[in-house]
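# Per-entry structural report
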Amino acid sequence: MVSAARASRNDAPLIRVRGLANRFGAHSVHEDLDIDLYPGEILGVVGGSGTGKSVLLRSIVGLLRPSAGHIEVFGEDLLGLSARDRSRVERRFGVLFQRGALFTSLSLQENVALPLIEHIGLSRADAEALARVKLALAGLPGDAAIKYPAELSGGMIKRAALARALALDPEVLFLDEPTAGLDPIGAAAFDRLILTLRDALGLSVFLVTHDLDTLYTACDRVAVLSQGQVLVADRLDVVAATDDDWIHDYFHGPRGRAAHGAAHPVEEP
Ligand SMILES: Nc1ncnc2c1ncn2[C@@H]1O[C@H](COP(=O)(O)OP(=O)(O)OP(=O)(O)O)[C@@H](O)[C@H]1O
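Residues numbered from 1 in each chain as written. Predicted model: local features only at pLDDT ≥ 70, side-chain atom pairs only at ≥ 80, totals over all residues. Heavy atoms only, no water.

As a further point, take unusual backbone geometry. Within the chain, D169 stands out as a residue other than glycine whose phi angle is a positive 50°. Note on placement: D169 falls in the loop between α5 (154–165) and β7 (172–176). The residue E177 is not glycine, and still its phi comes out positive at about 50°. By the secondary structure assignment, E177 is in the loop between β7 and α6 (184–201). With relative accessibility at 13%, the residue E177 sits in the buried group. (Helix = DSSP H or I, 4+ residues; strand = E, 2+ residues; numbered from the N terminus. Buried < 20%, exposed > 50% of the residue type's maximum accessible area, 1.4 Å probe, protein only.)

Taken together, the six strands give an open sheet; going across it, the order is β6-β7-β8-β3-β9-β10, and neighbouring strands pair in mixed fashion. Strand pairing shows two members of the sheet lacking a second neighbour, β6 (93–96) and β10 (229–234), which therefore form its edges. On average, each strand axis in the sheet is tilted by 15° relative to the strand beside it, whichever way the strands run. Sheet analysis places strand β9 (residues 221–226) next to β10, joined by five bridges and oriented antiparallel. Looking across to β10, one finds that V224 is bridged to V232. Docked against the sheet, helix α1 (residues 53–61) engages β3 (42–47), β6, β7, β8 (204–208) and β9, running at close to 150° with respect to β7. (Pairing = 2+ DSSP bridges. Axes fitted to C-alpha atoms, helices over the stretch in contact; angles between N-to-C directions. Contact = heavy atoms within 4.5 Å.)

Okay, the side chain of S204 next. Looking at the secondary structure, you find S204 in strand β8. Residue classification places S204 among the buried residues on the basis of a relative accessible area of 2%.

Below, the discussion takes up the environment of V29. Here V29 is to be found in strand β2 (residues 27–37). Overall, V29 belongs to the buried group, its relative accessible area being 9%. Sequence-wise, V29 and Q229 are 200 residues apart; in three dimensions their C-alpha atoms are separated by 8.8 Å. Beyond its immediate stretch of four places on either side in the chain, V29 contacts N22, F24, T51, G52, V55 and G228.

On to α5, then. In an α-helix, one turn spans 3.6 residues, which is why side chains three or four residues apart end up on the same side. Spanning twelve residues, α5 covers 16 Å between terminal C-alpha atoms, matching the ideal 16 Å at 1.5 Å per step. Here α5 has its buried residues at K158, R159, A160, A161, L162, A163, R164 and A165. Buried-residue contacts for α5 involve β6, α3 (108–120), α4 (124–137), β7 and α6. (Expected span 1.5 Å × (residues − 1).)

Glancing now at the nonpolar core. The biggest cluster of nonpolar side chains holds 50 residues, and the ones touching the most others in it are L162, L215 and F251. Per-element tally for this core: the top contributor is α6, with six residues. Once residues within four sequence positions are removed from consideration, L215 is found in contact with G44, V46, T209, V222, L236, Y250 and F251. In this structure, L43, L56, V61 and F206 belong to the second largest nonpolar core, which totals 28 residues. (Core = buried A, V, L, I, M, F, W, Y, C linked by side-chain atoms within 4.5 Å.)

Written out as C-alpha coordinates, the structure is:
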(Lines give C-alpha, C1' and ligand atoms only; values in the text may rest on other atoms or scores of the structure.)
Protein backbone atom coordinates (compact mmCIF):
# COMPACT_ATOMS: atom_id res chain seq x y z
CA MET A 1 0.00 0.00 0.00
CA VAL A 2 1.69 3.14 -1.19
CA SER A 3 0.07 6.55 -1.16
CA ALA A 4 -0.20 9.24 -3.78
CA ALA A 5 2.69 11.05 -2.17
CA ARG A 6 5.08 8.55 -3.76
CA ALA A 7 8.19 10.27 -4.93
CA SER A 8 8.57 11.06 -8.56
CA ARG A 9 11.96 9.95 -9.82
CA ASN A 10 11.95 13.11 -11.95
CA ASP A 11 12.41 15.14 -8.77
CA ALA A 12 15.93 15.94 -7.63
CA PRO A 13 16.84 13.97 -4.53
CA LEU A 14 16.39 15.78 -1.24
CA ILE A 15 19.33 13.87 0.16
CA ARG A 16 22.13 12.70 -2.10
CA VAL A 17 24.93 10.65 -0.57
CA ARG A 18 27.94 9.87 -2.77
CA GLY A 19 31.09 7.89 -2.15
CA LEU A 20 30.44 7.66 1.59
CA ALA A 21 33.03 5.87 3.71
CA ASN A 22 32.80 5.19 7.43
CA ARG A 23 35.75 3.49 9.09
CA PHE A 24 36.41 2.77 12.74
CA GLY A 25 40.13 2.02 12.94
CA ALA A 26 40.74 -0.97 10.70
CA HIS A 27 37.01 -1.75 10.56
CA SER A 28 35.41 -0.43 7.41
CA VAL A 29 31.61 -0.16 7.67
CA HIS A 30 30.91 1.74 4.42
CA GLU A 31 33.06 2.20 1.33
CA ASP A 32 31.95 4.24 -1.66
CA LEU A 33 28.28 4.09 -0.67
CA ASP A 34 25.68 6.02 -2.69
CA ILE A 35 22.06 6.56 -1.64
CA ASP A 36 19.28 9.04 -2.45
CA LEU A 37 16.13 10.11 -0.64
CA TYR A 38 13.48 11.66 -2.89
CA PRO A 39 10.94 14.28 -1.79
CA GLY A 40 7.81 12.76 -0.29
CA GLU A 41 9.00 9.18 -0.27
CA ILE A 42 9.34 6.70 2.54
CA LEU A 43 12.63 4.89 1.96
CA GLY A 44 13.12 1.70 3.96
CA VAL A 45 16.76 0.88 4.71
CA VAL A 46 17.42 -2.79 5.48
CA GLY A 47 20.40 -5.12 5.71
CA GLY A 48 21.91 -7.73 7.98
CA SER A 49 22.91 -6.84 11.51
CA GLY A 50 26.04 -4.69 11.53
CA THR A 51 25.81 -3.65 7.86
CA GLY A 52 25.84 -0.03 9.01
CA LYS A 53 22.23 1.14 8.78
CA SER A 54 22.40 3.17 11.99
CA VAL A 55 25.87 4.46 11.13
CA LEU A 56 24.50 5.67 7.79
CA LEU A 57 21.60 7.43 9.49
CA ARG A 58 23.94 9.00 12.06
CA SER A 59 26.27 10.24 9.31
CA ILE A 60 23.43 11.96 7.46
CA VAL A 61 21.92 13.62 10.52
CA GLY A 62 25.31 14.95 11.58
CA LEU A 63 26.03 12.77 14.63
CA LEU A 64 29.00 11.10 13.00
CA ARG A 65 31.55 12.65 10.66
CA PRO A 66 32.19 10.23 7.78
CA SER A 67 35.73 9.23 6.81
CA ALA A 68 35.07 10.27 3.19
CA GLY A 69 32.31 11.18 0.76
CA HIS A 70 29.68 13.82 0.09
CA ILE A 71 26.30 14.33 1.69
CA GLU A 72 24.12 16.81 -0.13
CA VAL A 73 20.96 17.87 1.65
CA PHE A 74 18.42 20.37 0.22
CA GLY A 75 21.11 21.14 -2.41
CA GLU A 76 23.79 22.00 0.17
CA ASP A 77 27.03 20.12 0.77
CA LEU A 78 26.54 19.21 4.41
CA LEU A 79 30.13 18.33 5.20
CA GLY A 80 31.42 21.59 3.73
CA LEU A 81 29.18 23.83 5.86
CA SER A 82 30.20 25.75 8.94
CA ALA A 83 28.87 24.41 12.26
CA ARG A 84 26.27 27.17 12.30
CA ASP A 85 25.03 26.47 8.76
CA ARG A 86 24.97 22.76 9.47
CA SER A 87 22.73 23.23 12.45
CA ARG A 88 20.44 25.41 10.29
CA VAL A 89 20.11 22.48 7.85
CA GLU A 90 19.84 19.89 10.62
CA ARG A 91 16.93 21.82 12.15
CA ARG A 92 14.95 20.65 9.12
CA PHE A 93 15.45 17.03 10.27
CA GLY A 94 13.43 15.14 12.84
CA VAL A 95 15.07 12.05 14.31
CA LEU A 96 13.52 9.16 16.19
CA PHE A 97 16.24 7.03 17.78
CA GLN A 98 16.05 3.33 18.42
CA ARG A 99 15.46 3.63 22.16
CA GLY A 100 13.24 6.68 22.04
CA ALA A 101 15.73 8.73 24.09
CA LEU A 102 13.21 10.67 26.17
CA PHE A 103 14.29 12.39 29.37
CA THR A 104 12.89 10.21 32.14
CA SER A 105 12.64 13.09 34.63
CA LEU A 106 10.41 15.15 32.34
CA SER A 107 6.74 14.65 31.49
CA LEU A 108 5.86 13.98 27.86
CA GLN A 109 4.81 17.56 27.23
CA GLU A 110 8.03 18.80 28.85
CA ASN A 111 10.05 16.42 26.67
CA VAL A 112 8.41 17.67 23.48
CA ALA A 113 8.49 21.31 24.61
CA LEU A 114 12.25 21.23 25.18
CA PRO A 115 13.35 21.68 21.53
CA LEU A 116 10.71 24.39 21.10
CA ILE A 117 12.14 26.35 24.02
CA GLU A 118 15.79 25.69 23.10
CA HIS A 119 15.63 26.24 19.33
CA ILE A 120 12.74 28.63 18.80
CA GLY A 121 12.77 30.42 22.14
CA LEU A 122 9.07 29.85 22.86
CA SER A 123 7.87 30.56 26.38
CA ARG A 124 7.36 27.46 28.50
CA ALA A 125 3.56 27.83 28.38
CA ASP A 126 3.47 28.23 24.58
CA ALA A 127 5.96 25.40 24.07
CA GLU A 128 3.92 23.03 26.23
CA ALA A 129 0.69 24.00 24.45
CA LEU A 130 2.33 23.24 21.10
CA ALA A 131 3.82 20.06 22.55
CA ARG A 132 0.32 18.85 23.39
CA VAL A 133 -0.66 19.37 19.74
CA LYS A 134 2.35 17.31 18.61
CA LEU A 135 1.51 14.56 21.10
CA ALA A 136 -2.02 14.41 19.69
CA LEU A 137 -0.60 14.33 16.16
CA ALA A 138 1.43 11.29 17.19
CA GLY A 139 -1.80 9.62 18.32
CA LEU A 140 -1.51 10.00 22.10
CA PRO A 141 -4.56 10.77 24.24
CA GLY A 142 -4.74 14.17 25.95
CA ASP A 143 -4.08 12.81 29.43
CA ALA A 144 -0.72 11.37 28.33
CA ALA A 145 0.86 14.84 28.20
CA ILE A 146 1.49 15.06 31.94
CA LYS A 147 2.69 11.47 32.28
CA TYR A 148 6.33 10.43 32.63
CA PRO A 149 8.07 7.92 30.34
CA ALA A 150 8.15 5.28 33.12
CA GLU A 151 4.33 5.32 33.20
CA LEU A 152 3.95 4.47 29.51
CA SER A 153 3.83 1.36 27.34
CA GLY A 154 6.51 0.83 24.68
CA GLY A 155 4.12 1.92 21.94
CA MET A 156 3.28 5.15 23.76
CA ILE A 157 6.97 5.89 24.30
CA LYS A 158 7.57 5.53 20.56
CA ARG A 159 4.70 7.91 19.85
CA ALA A 160 6.02 10.43 22.36
CA ALA A 161 9.49 10.20 20.80
CA LEU A 162 7.87 10.70 17.42
CA ALA A 163 6.05 13.78 18.74
CA ARG A 164 9.39 15.15 19.87
CA ALA A 165 10.94 14.40 16.46
CA LEU A 166 8.06 16.40 14.92
CA ALA A 167 8.41 19.31 17.36
CA LEU A 168 10.25 21.64 15.00
CA ASP A 169 8.13 20.81 11.92
CA PRO A 170 10.85 18.85 10.12
CA GLU A 171 10.86 18.22 6.38
CA VAL A 172 12.71 14.93 6.68
CA LEU A 173 12.02 12.34 9.32
CA PHE A 174 14.70 9.79 10.25
CA LEU A 175 13.43 6.72 12.04
CA ASP A 176 15.78 4.10 13.47
CA GLU A 177 13.86 0.85 13.91
CA PRO A 178 10.64 2.55 15.00
CA THR A 179 8.66 -0.68 15.45
CA ALA A 180 11.37 -2.65 17.29
CA GLY A 181 9.97 -4.01 20.54
CA LEU A 182 6.33 -3.35 19.64
CA ASP A 183 3.78 -6.13 19.41
CA PRO A 184 2.48 -6.78 15.85
CA ILE A 185 -0.72 -4.76 16.40
CA GLY A 186 1.17 -1.83 17.88
CA ALA A 187 3.74 -2.04 15.08
CA ALA A 188 1.05 -2.05 12.38
CA ALA A 189 -0.62 0.98 13.98
CA PHE A 190 2.73 2.78 14.05
CA ASP A 191 3.31 2.00 10.35
CA ARG A 192 -0.08 3.49 9.52
CA LEU A 193 0.74 6.56 11.60
CA ILE A 194 3.96 7.12 9.63
CA LEU A 195 2.04 6.89 6.36
CA THR A 196 -0.66 9.28 7.60
CA LEU A 197 1.89 11.80 8.82
CA ARG A 198 3.87 11.61 5.60
CA ASP A 199 0.70 12.31 3.60
CA ALA A 200 -0.62 15.00 5.94
CA LEU A 201 2.65 16.83 6.50
CA GLY A 202 4.42 16.12 3.19
CA LEU A 203 7.37 14.54 4.97
CA SER A 204 10.17 12.56 3.39
CA VAL A 205 11.12 9.59 5.54
CA PHE A 206 14.40 7.67 5.93
CA LEU A 207 13.41 4.55 7.82
CA VAL A 208 15.90 1.98 9.12
CA THR A 209 14.09 -1.25 9.90
CA HIS A 210 14.21 -5.02 10.24
CA ASP A 211 10.44 -5.20 10.06
CA LEU A 212 9.19 -6.78 6.84
CA ASP A 213 5.62 -5.71 7.53
CA THR A 214 6.79 -2.09 7.64
CA LEU A 215 8.43 -2.50 4.23
CA TYR A 216 5.24 -3.90 2.73
CA THR A 217 2.91 -1.44 4.45
CA ALA A 218 4.74 1.84 4.48
CA CYS A 219 7.74 2.03 2.15
CA ASP A 220 7.79 3.38 -1.40
CA ARG A 221 11.32 2.13 -2.00
CA VAL A 222 13.70 -0.15 -0.18
CA ALA A 223 17.50 0.11 -0.03
CA VAL A 224 19.49 -2.96 0.94
CA LEU A 225 22.87 -2.47 2.58
CA SER A 226 25.44 -5.17 2.03
CA GLN A 227 29.23 -5.26 2.22
CA GLY A 228 29.55 -1.56 2.85
CA GLN A 229 27.38 -0.39 -0.02
CA VAL A 230 23.80 -0.15 -1.22
CA LEU A 231 23.28 -3.40 -3.08
CA VAL A 232 19.94 -2.31 -4.57
CA ALA A 233 17.47 0.55 -3.98
CA ASP A 234 14.17 0.20 -5.74
CA ARG A 235 10.53 -0.75 -5.40
CA LEU A 236 9.96 -3.66 -3.06
CA ASP A 237 9.03 -6.13 -5.82
CA VAL A 238 12.24 -5.33 -7.71
CA VAL A 239 14.34 -5.60 -4.55
CA ALA A 240 12.71 -8.89 -3.51
CA ALA A 241 13.51 -10.35 -6.94
CA THR A 242 17.20 -9.38 -6.76
CA ASP A 243 19.58 -12.31 -6.99
CA ASP A 244 21.39 -12.23 -3.64
CA ASP A 245 21.53 -14.78 -0.83
CA TRP A 246 20.65 -12.38 2.00
CA ILE A 247 17.78 -10.85 0.02
CA HIS A 248 16.49 -14.30 -0.84
CA ASP A 249 16.58 -15.49 2.79
CA TYR A 250 15.07 -12.24 4.07
CA PHE A 251 12.21 -11.81 1.61
CA HIS A 252 11.46 -15.42 0.79
CA GLY A 253 11.96 -17.04 4.19
CA PRO A 254 8.94 -17.77 6.41
CA ARG A 255 8.69 -14.21 7.81
CA GLY A 256 9.03 -12.68 4.36
CA ARG A 257 6.33 -14.94 2.96
CA ALA A 258 4.03 -14.08 5.89
CA ALA A 259 4.55 -10.33 5.40
CA HIS A 260 3.95 -10.67 1.67
CA GLY A 261 0.83 -12.73 2.33
CA ALA A 262 -0.51 -10.14 4.79
CA ALA A 263 0.06 -7.36 2.28
CA HIS A 264 -1.46 -9.33 -0.62
CA PRO A 265 -4.35 -11.34 0.78
CA VAL A 266 -5.79 -13.90 -1.62
CA GLU A 267 -9.31 -12.81 -2.55
CA GLU A 268 -12.17 -15.22 -1.94
CA PRO A 269 -13.70 -16.41 -5.25
N1 LIG B 1 31.24 4.65 17.34
C2 LIG B 1 31.63 3.47 16.86
N3 LIG B 1 32.87 3.01 17.05
C4 LIG B 1 33.28 1.82 16.55
N5 LIG B 1 32.49 1.00 15.82
C6 LIG B 1 31.23 1.40 15.60
C7 LIG B 1 30.72 2.65 16.10
N8 LIG B 1 29.44 2.77 15.70
C9 LIG B 1 29.15 1.66 15.01
N10 LIG B 1 30.21 0.84 14.94
C11 LIG B 1 30.26 -0.45 14.24
O12 LIG B 1 29.75 -0.26 12.95
C13 LIG B 1 29.06 -1.44 12.51
C14 LIG B 1 27.70 -1.05 11.99
O15 LIG B 1 26.90 -0.65 13.09
P16 LIG B 1 25.37 -0.21 12.91
O17 LIG B 1 24.86 0.02 14.29
O18 LIG B 1 25.26 0.87 11.94
O19 LIG B 1 24.75 -1.54 12.30
P20 LIG B 1 23.25 -1.80 11.92
O21 LIG B 1 23.21 -2.23 10.50
O22 LIG B 1 22.40 -0.64 12.30
O23 LIG B 1 22.99 -3.06 12.86
P24 LIG B 1 21.66 -3.59 13.61
O25 LIG B 1 20.74 -4.04 12.53
O26 LIG B 1 22.18 -4.73 14.42
O27 LIG B 1 21.11 -2.46 14.44
C28 LIG B 1 29.04 -2.38 13.69
O29 LIG B 1 30.04 -3.35 13.50
C30 LIG B 1 29.34 -1.49 14.87
O31 LIG B 1 30.00 -2.20 15.88
